[in-house]
Protein chains: 2
Amino acid sequence: MASVATASLDQRFGLDRRVSLAGPFALASGQSLARLDIGYETYGSLAPDGGNAILVCHALTGDQYVASDHPLTGKPGWWTRLVGPGRPIDPERHFIICSNVLGGCMGTTGPSSIDPATGDRYAMRFPVITIRDMVNAQAALLDHLGVGVLQAVVGGSMGGMQALDWAVAHPARVRSVVGIATAARHSAQNIAFHEVGRQAIMADPMWRAGDYAPDAPPAAGLAVARMAAHITYLSEEGLTAKFGRRLQDRAGLGFSFDAEFQVESYLRHQGLSFTQRFDANSYLYITRALDYFDLAAAHDGQLARAFAGSRARFALVSFTSDWLYPTSQARRLVRALNAAGAAVSFCELESPFGHDAFLLEAPEMNRVVDGFLRAGA
Amino acid sequence: MASVATASLDQRFGLDRRVSLAGPFALASGQSLARLDIGYETYGSLAPDGGNAILVCHALTGDQYVASDHPLTGKPGWWTRLVGPGRPIDPERHFIICSNVLGGCMGTTGPSSIDPATGDRYAMRFPVITIRDMVNAQAALLDHLGVGVLQAVVGGSMGGMQALDWAVAHPARVRSVVGIATAARHSAQNIAFHEVGRQAIMADPMWRAGDYAPDAPPAAGLAVARMAAHITYLSEEGLTAKFGRRLQDRAGLGFSFDAEFQVESYLRHQGLSFTQRFDANSYLYITRALDYFDLAAAHDGQLARAFAGSRARFALVSFTSDWLYPTSQARRLVRALNAAGAAVSFCELESPFGHDAFLLEAPEMNRVVDGFLRAGA
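Keep in mind it's a predicted model, so treat the numbers as computed, not measured.

## Things to note about the overall build of chain A
A count of helical and extended segments in chain A gives ten helices and eight strands. Here chain A holds 377 residues, and 61% of them are scored as buried. Residue pairs in contact within chain A that sit at least 24 positions apart in sequence constitute 71% of those at least 6 positions apart.

Take a look at the structure:
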């Protein structure tokens, strides 16, 4: 998508950017980072009045390559269905920013970064981070880019949590929020699945308490973590439709431990390919940040009070077969936003594809996002 | 529960029995076992007319200690709520048999057994087995015990699959079948979760392609497998009620990778304690047998035809919050049994406890089983 890159000569803008911001960068834990590197991309141009900036936030295993090819896998951007020319988030009309989250492994400071204090990788000496820390890192990036107020902050899954937290943490800088397939907190079941993944990584002897060499990562443990998580991204209905009990390249049962069923082969591929683009320690830190997420926690469990200072408009979208962040979670948000007096539109969309639906072709989702963004422009 | 053990001097009957049956024992794969050892227990006495025999079948990680203390953990039998004096399955009235499944690790031949042909453990040289093979092993045990026709075969989860398969494989030997929280086949999602567990075990370097020493098992991998599976045994609702986002022994977030949330601590405990009583290779083989289970497969997908030869009565029970073997699976069985002209009663019980509900105190379940067994006695 190089064609939609800004023509600006300003090196802050464009594809595959890096910036190193001087610290200290304070974290929710009380610790701080001496320096904050951020990997990001921008698409389109900032309007003279600065009013067309849209921040897109990525999910657990996403990155800044929302609408351009991934440098490691060569695959198209992860949300080209929503972001791109003629799409609801359009570089012809919007100035689009997407950055790798704090704790990530695609250019933003995380456990695989070098600790300037020691010259070694942080590994597990990296401080535990939160969704709020990710949001504050994005705010620092906006300062660097000269973006004051966002027309919108948009995200799905963990990206939606960041979008919601933007309205809580920086209410004066957000005019509208789009949260898709997301929730105001991580449930016990969500935490449980993450804990399985973390234990799988930590059980891998290659993990070495986090101090693995970059070319000798705990790939087996990370693959198992990804496989377990991947099941939660799909629905039982979708898995049955896609694979059922169909066998892989066989006429009958092989009485073996090979990947005999198609669903086994698919999962193994998902696990393996993930390890080629993601850092195991980043997976530990980002899942931990997700588990910590609970917007109401600082307000005695009263979610509405979290949004008391916000004047943003909200659009929430859920999918019928999403059991990771089900519609009940979205409704909880809608009730709280209503109680807080916020303008909120909510739409539950039919889909058989589970949580993954937000990344797939979803014309109704596009219409909802497009209409919401145009109404607030 | 030694008090309810039969007073018979016949060494075939009683607690903690072992028998070694001469082979060859033919398997569904076409392979055979030279010898078949079975670990089992019996409770009560066989009536003179032999008409009071009830076979209880255990689930994936169960064993023959249905109503007596477990020799390794010291915990009470796993189904004392249903089996015992004054319970629906009562040693005062019934002759109760429960055996460790083929492939298990509590006395029945499995991958941890010695292969008589080599003098070494089978490990991964053990043939891949099926639910049908488990059922046929039980039939061989009944021959040894002098039991012809079963008044009932009763099981939950994988035990229910064996109970159903008894009516298909040995229709002349089964008068009634009780299947609780079970299904006629493993779904794609069921297979996917098992595959995660198997990959976790196989990724553990201690696994050594199955040839681990008994005192150096792949415990870390097996613990992760158990954790992933355990989530599927509980409901989101149950997890939320039991743990929510409550912290473990802490006033606030610790910003660490310790088990900060109660649900993490619980899962880690479940994983760890499981490794002290279960063999990793058995876990591989038994999950494989479950994945292979599909009663309709031999009948061109027509489930009703599987039951064409059966004259048994059936009772099926499902639980509202069970998402491992949900009510929809039980309904599929009911439709097929109706189509086959079988007498079938079906009951969906309210429970917030997910799949695990069948192992918990469930007075309604007890009433259903008691009434059904008495009506057919």
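## Observations concerning the domain arrangement of chain A
All names here are of chain A. You can read the domains of chain A as domain 1 (2–185 + 299–376) and domain 2 (190–287). Here the C-alpha centroids of domain 1 and domain 2 sit 26 Å apart. If you look at the interface, domain 1 gives 34 residues, while domain 2 gives 29 residues. Of the roughly 2,500 Å² buried where domain 1 meets domain 2, counting both sides, 62% is carbon and sulfur surface. Interface area lost by domain 1 to domain 2 is led by L60, M124 and W323, which between them contribute 27%. Across the contact surface, domain 1 and domain 2 share one salt bridge. Here R125 makes a salt bridge to D211, at a shortest N to O gap of 2.9 Å.

## Examining helix 2 (residues 158–169) of chain A
The end-to-end C-alpha distance of helix 2 of chain A, which contains twelve residues, comes to 16 Å, matching closely the 16 Å that a straight helix rising 1.5 Å per residue would cover. M158, G159, G160, M161, Q162, A163, L164, D165, W166, A167 and V168 of chain A are the residues of helix 2 of chain A that are buried.

## Let's talk about the sheet that holds strand 2 (residues 32–43) of chain A
Residue and element names in this part refer to chain A. Spatially, eight strands are ordered 1-2-4-3-5-6-7-8 in an open sheet, and the strand pairing comes out mixed. Two strands lie at the open edges of the sheet, namely strand 1 (17–26) and strand 8 (343–349), each paired on one side alone. Averaged over all pairs of adjacent strands, the angle between their axes in this sheet comes to 20°, without regard to strand direction. Taken strand by strand, helix 2 contacts strand 3 (53–57), strand 5 (152–156), strand 6 (176–180) and strand 7 (313–319), and its axis lies near 150° from that of strand 5.

## Describing helix 3 (residues 188–203) of chain A
The first and last C-alpha atoms of helix 3 of chain A sit 22 Å apart over 16 residues, in line with the 22 Å expected at 1.5 Å per residue. Summarising burial for helix 3 of chain A: 14 of the 16 residues are buried, a large majority.

## Side note on the relation of the copies chain A and chain B
Structural alignment of chain A on chain B gives an RMSD of 0.0 Å, achieved by rotating through 180° and translating 0.0 Å along the axis. Taken together, the turn and the small shift mark the pair as related by a two-fold rotation axis. Looking at the interface residues of chain A, 98% of them are also at the interface in chain B, so both copies use one shared face.

## Remarks on the pairing of strand 1 of chain A
Where strand 1 of chain A and strand 2 of chain A come together, eight bridges link them in antiparallel fashion. Across the sheet, R18 of chain A pairs through a bridge with G39 of chain A, a residue of strand 2 of chain A.

## Details of the pairing of strand 6 of chain A
All names here are of chain A. Where burial is concerned, most of strand 6 is hidden: five out of the five residues are buried. Bridging between strand 5 and strand 6 involves four bridges; their strand directions are parallel. By the bridge assignment, G155 is partnered in strand 6 with G179. With five bridges joining them, strand 6 and strand 7 adopt parallel strand pairing. Directly across from I180, in strand 7, lies its bridge partner V317.

## Re the nonpolar core
Most often, soluble globular proteins have nonpolar side chains that are buried together. In terms of nonpolar packing, the biggest core is built from 192 residues, with I97 and L102 of chain A together with I97 and L102 of chain B touching the most fellow members. The element that contributes the greatest number of residues to this core is helix 1 (residues 131–145) of chain A, accounting for nine residues. Here I97 of chain B is in contact with E41, T42, A53, I54, L55, V56, L141, L142, L145, V147 and L150 of chain B, once residues within four sequence places are set aside.

## Quick notes on the interface of chain A and chain B
Opposite the 52 residues of chain A that make contact, chain B presents 51 residues. Summing the contributions of chain A and of chain B, the shared interface buries around 4,400 Å²; its carbon and sulfur component is 72%. At the junction of chain A with chain B, the criterion picks out ten salt bridges. A salt bridge links E195 of chain A to R268 of chain B, with the nearest nitrogen and oxygen atoms 2.4 Å apart. At the junction of chain A and chain B, the tally comes to 26 residue pairs in polar contact (both at pLDDT 80 or more). Take the side of chain A that touches chain B: its biggest share by element is twelve residues, from helix 3 of chain A. Residue composition of the side of chain A that touches chain B, grouped by class: 29 nonpolar, eleven polar and twelve charged.

## Some points on a negative patch on the surface
Together, E236, E237, E348, E350 and E364 of chain A give the surface a local cluster of negative charge. Here E236 of chain A shows up in helix 5 (residues 236–242).

## So, the state of the cysteines
A covalent bond between the sulfur atoms of two cysteines is what we call a disulfide. Residue and element names in this part refer to chain A. In total, this model carries zero disulfides over all chains according to the counting rule given. Here C57 is not disulfide-linked; the sulfur of C98 is the nearest cysteine sulfur, at 7.4 Å. Given the relative accessible area of 0%, C98 is considered buried.

## Some remarks on the side chain of E264 of chain A
With respect to the secondary-structure elements, E264 of chain A resides in helix 6 (residues 262–275). Classification of E264 of chain A as buried rests on a relative accessible area of 0%. The residues contacting E264 of chain A, other than those within four sequence positions of it, are D258 and A259 of chain A together with I191, E195, R198, R288 and D291 of chain B.

## A few points about the confidence of the model for chain A
Overall, the prediction assigns chain A a mean pLDDT of 95, with 98% of residues at 70 or greater. In the predicted assembly, ipTM is 0.93 and pTM is 0.95.

## Focus on the environment of F257 of chain A
Here F257 of chain A lies in the loop between helix 5 and helix 6. For F257 of chain A, a relative accessible area of 14% corresponds to the buried category. Separated by 125 residues in sequence, F257 of chain A and R132 of chain A have C-alpha atoms that sit 44 Å apart. What F257 of chain A contacts, discounting residues up to four positions off in sequence, is R268 of chain A together with M124, V128, R198, M202, L284, Y285 and R288 of chain B.

## Quick look at the packing of helix 3 of chain A against helix 4 (residues 219–233) of chain A
Residues and elements named next belong to chain A. Running from N to C, helix 3 and helix 4 point in directions that differ by 165°, and their axes come no closer than 7 Å. Judged by the angle between their axes, helix 3 and helix 4 are roughly antiparallel. For the crossing formed where helix 3 meets helix 4, the hand is right-handed. Side by side, helix 3 and helix 4 meet where F193, V196, G197, A200 and I201 of the first sit next to G221, L222, V224, A225, A228 and T232 of the second.

Conventions and cut-offs
- Residues numbered from 1 in each chain as written.
- Chains lettered and ligands numbered in written order.
- Predicted model: local features only at pLDDT ≥ 70, side-chain atom pairs only at ≥ 80, totals over all residues.
- Heavy atoms only, no water.
- Helix = DSSP H or I, 4+ residues; strand = E, 2+ residues; numbered from the N terminus.
- Buried < 20%, exposed > 50% of the residue type's maximum accessible area, 1.4 Å probe, protein only.
- Contact = heavy atoms within 4.5 Å.
- Domains from an automatic or database assignment.
- Buried area = accessible area lost by both parts, 1.4 Å probe.
- Salt bridge = Lys/Arg side-chain N within 4 Å of Asp/Glu carboxyl O.
- Expected span 1.5 Å × (residues − 1).
- Pairing = 2+ DSSP bridges.
- Axes fitted to C-alpha atoms, helices over the stretch in contact; angles between N-to-C directions.
- Least-squares fit on C-alpha atoms with pLDDT ≥ 70 in both.
- Core = buried A, V, L, I, M, F, W, Y, C linked by side-chain atoms within 4.5 Å.
- Polar contact = N/O pair within 3.5 Å; in protein donor to acceptor, adjacent residues only side chain to side chain.
- Nonpolar A, V, L, I, M, F, W, Y, C, P; charged D, E, K, R; others polar.
- Patch = residues over 30% accessible without salt bridge, like charges linked within 9 Å, V, L, I, M, F, W, Y side chains within 5 Å.
- Areas by Shrake-Rupley, 256 points an atom, 1.4 Å probe, with all protein chains shown as cover.
- Lys, Arg positive; Asp, Glu negative; His and termini not counted.
- Charge placed at Lys NZ, Arg CZ, Asp CG, Glu CD.
- Disulfide = S-S within 2.5 Å.
- pLDDT = per-residue confidence, 0-100.
- Parallel < 35°, antiparallel > 145°, perpendicular 65-115°, else oblique.
- Left-handed = near helix turned anticlockwise from the far one by under 90°.

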